[in-house]
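# What the coordinates show
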Protein chains: 2
Amino acid sequence: MGKRIAFWFEFASTYSYLSAMRIERAAADLGVTIAWEPFLLGPIFAAQGWTSSPFNLFPAKGRYMWRDMERLCARQGLPLTRPDPFPQNGLPAARLAMVAREMGHIAPFVRAVYAAQFGRGLVISDPQVLAECWAEAGLPPEAMEQAKSPEIKAALFAQGERAAALDLFGAPSFVVGEEVFWGDDRLDQALALAAQS
Amino acid sequence: MGKRIAFWFEFASTYSYLSAMRIERAAADLGVTIAWEPFLLGPIFAAQGWTSSPFNLFPAKGRYMWRDMERLCARQGLPLTRPDPFPQNGLPAARLAMVAREMGHIAPFVRAVYAAQFGRGLVISDPQVLAECWAEAGLPPEAMEQAKSPEIKAALFAQGERAAALDLFGAPSFVVGEEVFWGDDRLDQALALAAQS
């Protein structure tokens, strides 16, 4: 497989934003290839009895997360605007990401969606916002329709089954060989392992 | 207050072990003073509806945590033995830590307890294990009795109220001025801020 990291992200995940905006540069510096793996946390959270983001279910943790994100975005030179509502519905963006992936052009779309959501506070289930992200990524407008196909719906559902098989429970997660790393904090450790592969 | 970091730890917390074993050296390198703050997570977890450690309540997260700890302990050159049961009852150790703190000698006792629990897998609610940690820290045996005094029980209870007032929800947590940092991952960031104070 060579030097490879799988980057599992959920569009509604704040910490996935941090990783999405820096993983390409960091991986390239180490000669590591990225497999972009969109998935949905909703079914995984539901399976452990959660009906919303843990940051909403546990208010002290939620308050902390936003302050932590402020500090981390400042360090990384990224804008941060809290989208309303939080968490956002990442399903339409995830389906589009699967289309963009099939077209071999997923990374710019993923970055555009995160920048719109957490950089500018836009609603990423809004078709207009998604169309702008799609255009920003340089993808052809007519391809957006494919996101509604049964094949793409099935492909995203299969991502969820793969995530469950990997025992993933949060995002971002990184998989290198047999090793799973959870959280933007672990990106550098995961990349270092991938670089040794 | 000068260059100061408050280190809030719970004896049963795996990630607190990592911080406890490296904070003194890291703080000394930056000229930062440590305020050692033992507290109990039980009441905080209970308040959010948890009856055990989140690592037991959410099995995938628990499996991940142990693998993550293996990797982090290996990097830090620390032994890791999983205590049984997990989580341990940290109450007697926390009361003793309050006594050791009053005696101006808390750090060596804290390190001894973490090393016994996560380095050797010993049961830290066992009076014999605690007596050995106490001796290892060079504390006088007769002072152990003070842990049963109403003053020490009240002092530890007050720690819990201070932790709640600080909106702490997990351990380790670090407080520098008005800023709260959660997790061993954030120790270096917290120390860097303290060093600038």
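By the naming in an unreviewed UniProt entry, chain A goes by 2-hydroxychromene-2-carboxylate isomerase and is assigned to Ruegeria pomeroyi. Listed under Catalytic activity (unreviewed entry) in UniProt, the entry text for chain A is "2-hydroxychromene-2-carboxylate = (3E)-4-(2-hydroxyphenyl)-2-oxobut-3-enoate". According to the UniProt record, the Sequence similarities (unreviewed entry) comment for chain A reads "Belongs to the GST superfamily. NadH family."

All names here are of chain B. Along its 16 residues, helix α9 (residues 150-165) runs 22 Å from first to last C-alpha, staying within 8% of the 22 Å computed at 1.5 Å per residue. Where α9 is concerned, the buried positions are I152, L156, Q159 and A163. Burial along α9 is one-sided: seen end-on, the buried residues are contained in an arc of 40°. Every exposed residue of α9 that faces more than 90 degrees away from the buried side is listed here: P150, E151, F157 and A165. Buried residues along α9 sit against β1 (4-9), β2 (33-38), α3 (42-47) and α6 (91-102). D167 sits one or two residues past α9 and shows a positive phi near 70°.

Take the relation of the copies chain B and chain A next. Comparison of the two chain copies shows a relationship of rotation about an axis with a shift along it. Superposing chain B onto chain A takes a rotation of 180° combined with a translation of 0.0 Å along the rotation axis, leaving an RMSD of 0.0 Å. What we have between these two chains is a two-fold relation. Closest to the rotation axis within chain B is the C-alpha of D185 of chain B, separated from it by 3.5 Å. Both copies share a contact surface, since 100% of the interface residues of chain B are interface residues in chain A too.

All names here are of chain B. The first and last C-alpha atoms of helix α7 (residues 106-120) sit 20 Å apart over 15 residues, in line with the 21 Å expected at 1.5 Å per residue. Most of α7 sits out of view: 11 of its 15 residues are buried. Among all positions of α7, only I106, A107, F109, V110, A112, V113, Y114, A116, Q117, F118 and G119 are buried. Once α7 finishes, G121 follows within two positions and takes phi at roughly 75°, a positive value.

Moving on: the sheet that holds β2 of chain B. Residues and elements named next belong to chain B. On the basis of which strands lie adjacent, the open sheet formed by 4 strands has the order β2-β1-β3-β4 and mixed pairing. Only two strands of the sheet have a single neighbouring strand rather than two, namely β2 and β4 (179-182). Across the sheet, the axes of successive neighbouring strands diverge by a mean angle of 20°, strand direction being ignored. Taken together, the 3 bridges between β1 and strand β3 (residues 173-176) define a ladder with antiparallel strand orientation. By the bridge assignment for β3, F7 is matched with F174. Those strands touched by α9 are β1 and β2, and its axis lies near 110° from that of β2.

Our next topic: the pairing of β3 of chain B. Residue and element names in this part refer to chain B. A two-sided burial pattern is seen for β3, the buried positions comprising S173 and V175 on one face and F174 and V176 on the other. Across 4 bridges, the pairing between β3 and β4 is antiparallel. Opposite V176, over in β4, you have E179 as the bridge partner. If you look at the hairpin formed by β3 and β4, you'll find 2 residues sitting between the two strands, and G177 has a positive phi there, around 60°.

In this section: the sheet that holds strand β3 (residues 173-176) of chain A. All names here are of chain A. Spatially, the 4 strands line up as an open sheet ordered β2-β1-β3-β4, and their pairing is mixed. Strand pairing shows two members of the sheet lacking a second neighbour, β2 (33-38) and β4 (179-182), which therefore form its edges. Adjacent strand axes in the sheet meet at a mean angle of 20°, parallel and antiparallel pairs treated alike. In the packing of helix α2 (residues 23-30) onto the sheet, contacts are made with β1 (4-9), β2 and β3, and the angle to β2 comes to roughly 150°.

Residue and element names in this part refer to chain A. Take V123: it is sitting in the loop between α7 (106-119) and α8 (127-136). You can call V123 partly exposed: its relative accessible area is 32%. In this structure, the C-alpha to C-alpha distance between V123 and V113, residues 10 residues apart in sequence, is 9.6 Å. In contact with V123, other than residues within four places in its own chain, are D84, Q88 and V129.

Thresholds applied
Residues numbered from 1 in each chain as written. Chains lettered and ligands numbered in written order. Predicted model: local features only at pLDDT ≥ 70, side-chain atom pairs only at ≥ 80, totals over all residues. Heavy atoms only, no water. UniProt positions renumbered as here; feature names shortened; annotations may be inferred. Helix = DSSP H or I, 4+ residues; strand = E, 2+ residues; numbered from the N terminus. Expected span 1.5 Å × (residues − 1). Buried < 20%, exposed > 50% of the residue type's maximum accessible area, 1.4 Å probe, protein only. Arc of directions from axis to C-beta. Contact = heavy atoms within 4.5 Å. Least-squares fit on C-alpha atoms with pLDDT ≥ 70 in both. Pairing = 2+ DSSP bridges. Axes fitted to C-alpha atoms, helices over the stretch in contact; angles between N-to-C directions.

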